[in-house]
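# Chain and residue survey
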Amino acid sequence: MEFRIRPDQALSNSNMSREWLLTNSRGDYASGSVHGCNTRRYHGLLASQTPAGRYMLLSTLEDEASIGGRNVPLSSRVHPGVIWPEGWRFLKEISCSHDCVTSSFLLSSDEEGGEVILHRSLILDRASSRLIVRYMLADTPAARALEGVTLTIRPLLNGRNINYLYPAMPARAASVRPLDLTTAPCTGFSFQPDEEIPSLVMQVSASGLQYPAFRTAPDWYFKVQYPVENERGYDFEEDLLMPGEFTATVSVGHPVWLSAGTEALSEAPETIWERHFETAPKPVFKEALLEHLRREADRFLVNTAGQSVVPAGYHWFGPWGRDTLIALPGLTFESGRVKEGKAILRSIAGTVKNGLVPNLLGAGNFGGEAYNSADASLWYLLAVHRFVLACPKEKGFIKRFCWPVMKDIIRNFAAGTMPDENGNMLVFADKDGLLHVGSEKTQLTWMDASINGVPVTPRHGCAVELNALWFDALTFAKELAAEFDEPAPAETSCLPRLKKAFVRVFCPSEDDKAIMGGGLYDTWRPGAEADHSIRPNQIFAVAVPSSPLSQKMQASVVKCVREHLLTPYGLRTLSPSDPAYKGACQGAQSVRDKAYHQGTVWPWPVGAYVDAAVKTARSAKTVRDVLTTLTPLFTDHLYEAGLGGISEILDGDAPHKAGGCISQAWSCAEALRLLLLIKKNNPEEWTNWLEALEKNASEAR
């Protein structure tokens, strides 16, 4: 899908908040706002992934076109009290797809309709850390009448960890080195301020008889500001190094090429450009929406340091175990990428220690691995279960690579693992098989926000989704053992007791049924009152392939979640009827942390909701209503925040403003999976919904 935006001539917030994103298979990205201003510290034209983490190498370009004695700016930046230059005033249209972002600038026009339009197009090479920029004049009579348009391009450099901003450091200017033209095919420079930071090499070339030039003239651009970081309570101002300027002439049929990469060019940029489009992934789905979401999933299938990893979200998250495993079925097994899914399962299997999957995976994360979650291992078991259901012929792979890991997780979880500083096990199963995790000081589930070490959403004890996942895992392990002609793991003997205990501790008492809206308690601890918070975690007790609940109770849980938590964009993390509910997740981090799991909408759990709704539906109307409710997620939201992406979170209150990462792995993956689920199980409702969606889109155009 291609997203075309025609910005208005006012500097509107809608165009400042809409963002584009290009990614490649290495984990690099380029990103910015529709209006051309970098509004985040994470915006930039080349963020390079390394085994340790990402580094922002090239922030932006200050480029301008000289035509008819006028200099037309093509760029914009935010400085204190001003946006300068004013390239946004000349922006006619921006077009965004997975393969390319093109900004079209109106350089001149006359009363007779003669226009000179300059297209600035960006691609990020799939196989290398390289951005290619093409400047090209539209073929119009007015443009053909010109001898050419002179371009002046001044790169603005960072060379920093993407999470931090720095003031001017004059010594860095000495790291700018002009390229030796006896060895480099195109003029330009290199820049590497520190050994741990990848080198940046920028070069310019042009077709025809034009000879672009680069003139070294280091300078600093001070107080470049990022307003979104200011809103989020972070440092929001930095100084950028301008190493010098490129000059070139562009004319009709003779574009100018700018390359920014971690190595010098070894082939013409035109060749890289052509190969980029020739090797674009071939469509798998006939439906444009499904194919679009499948291409979104490509952003999260990355190879870093020889490992297959899934960055949790753009711009700032690296690979997380929990997020990877929740996203894995939609990203891979159920969307035709079995090979990639197997590679990730094998990679994660090698990280398991004492039955624990790291919450923070080493490759691509500053700081390395971290074993600080109780549920990542359980999501691993569910991912394998979904793999078997989606690809039953892959049981040989499961037996060889996953089955030993599964048994290790089950054995350690049942006996006890993750000891605290006093030697007490933070994960263990009791005599009834119920899984207990954490303490009052820990946050070991996905609702992990804390402030000054104090959990915002305490969920230690028996958490409902963890015990649902545990029940499913033991049931699945027993089935697999029979399939592999092995004795069932001893831990599965508790299944009858676990099923009764689950109902006993999570199903509300008669007095509490009305309070709980027919749903389940969120957590339970021996000797303490059950947690009456109405949260989306209960939906997993229905959504897992093997549920511990009766059909009647499953339907009741779905009804509770639908009435209290379902929104057009996902599930709220807390019912609005709860006094602790927070309807907005905006402002400084401490304020956002208080709302992060206290009412904020998360798109990813809606995949489990659709699992549960399809499983318990008594008629086609139930599925029809689900699709109708979620339509804005697949229409309006794709034009908000990250164009074409699905955000990490949205406000609990309407109009559900997007926040967090502009493109989140599990949000995208579960959105795709739920549509594929409905297409498979309710083809008539799927077809009718899709036809209505396409008709409305056509009428809107």
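Residues numbered from 1 in each chain as written. Predicted model: local features only at pLDDT ≥ 70, side-chain atom pairs only at ≥ 80, totals over all residues. Heavy atoms only, no water.

### Some thoughts on the sheet that holds strand β26 (residues 435–437)
Strand order across the open sheet formed by three strands is β24-β25-β26, with antiparallel pairing between neighbours. Two strands in the sheet have a free side with no partner beyond their single neighbour: β24 (417–419) and β26. Between one strand axis and the next, the sheet turns through 20° on average, direction left out of account. Pairing of strand β25 (residues 425–429) with β26 involves three bridges; the strand directions are antiparallel. Within β26, the residue paired with Phe-428 across the bridge is His-436. (Pairing = 2+ DSSP bridges. Helix = DSSP H or I, 4+ residues; strand = E, 2+ residues; numbered from the N terminus. Axes fitted to C-alpha atoms, helices over the stretch in contact; angles between N-to-C directions.)

### Observations regarding the sheet that holds strand β22 (residues 311–314)
A sheet is described by the order of its strands in space; here three strands give the open sequence β23-β22-β36, paired in antiparallel fashion. A single partner strand is all that each edge strand has here, and the edge strands are β23 (317–319) and β36 (663–664). Summarising the sheet, β22 and β23 pair through two bridges and their orientation is antiparallel. Pairing of Pro-311 across the sheet is with Pro-319, part of β23.

### Brief notes about the packing of aromatic side chains
Under the definition given, this model contains 28 aromatic pairs. Ring geometry for Trp-316 against Phe-317: centres 6.2 Å apart, planes inclined by 65°, an arrangement best described as edge-to-face. Take Phe-317: its relative accessible area is 18%, and that puts it in the buried class. A centroid spacing of 5.9 Å and a plane angle of 80° characterise the contact between Phe-317 and Trp-320, whose relative ring orientation is edge-to-face. A relative accessible area of 22% means that Trp-320 is categorised as partly exposed. (Phe/Tyr/Trp six-rings, centres within 6.5 Å; stacked < 30°, edge-to-face > 60°. Buried < 20%, exposed > 50% of the residue type's maximum accessible area, 1.4 Å probe, protein only.)

### Some points on empty space enclosed by the protein
Any empty space left between atoms is shown by rolling a water-sized probe over those atoms. Scanning all chains against the criterion turns up eight cavities of 30 Å³ or more. Space inside the largest cavity adds up to approximately 260 Å³. Lining the largest cavity are 25 residues, with Trp-20, Gly-36, Leu-45, Thr-60 and Arg-120 sitting closest to its centre. Among the elements of the structure, β3 (29–33), β5 (54–67), β9 (91–96), β10 (101–109) and β11 (115–124) are those that each provide at least two residues to the lining of the largest cavity. In terms of residue count, β5 provides more of the lining of the largest cavity than any other element does, four residues in total. Its residues assigned to classes, the lining of the largest cavity shows eleven nonpolar, twelve polar and two charged. Estimates place the volume of the second largest cavity at around 100 Å³. Forming the walls of the second largest cavity are 13 residues, and the residues nearest its centre are Ile-326, Trp-379, Leu-382, Arg-386 and Glu-670. It is helix α8 (residues 376–390) that contributes the most residues to the lining of the second largest cavity, four residues altogether. Its residues assigned to classes, the lining of the second largest cavity comprises nine nonpolar, no polar and four charged. (1 Å grid on protein atoms, 1.4 Å probe; cavity = no way out; pocket = protein on both sides within 12 Å on 5 of 7 lines; lining within 4 Å. Points joined across faces, edges and corners; volume = space filled by probe spheres on them. Nonpolar A, V, L, I, M, F, W, Y, C, P; charged D, E, K, R; others polar.)

### Describing the nonpolar core
Counting residues in hydrophobic clusters, the biggest one holds 153 residues, and the most contacted among them are Leu-345, Tyr-380, Leu-520, Tyr-609, Phe-634 and Leu-675. Within the second largest apolar cluster, 53 residues are counted, among which are Leu-61, Val-72, Ile-197 and Phe-214. (Core = buried A, V, L, I, M, F, W, Y, C linked by side-chain atoms within 4.5 Å.)

So far we have only geometry, and geometry alone does not tell us how the molecule works.
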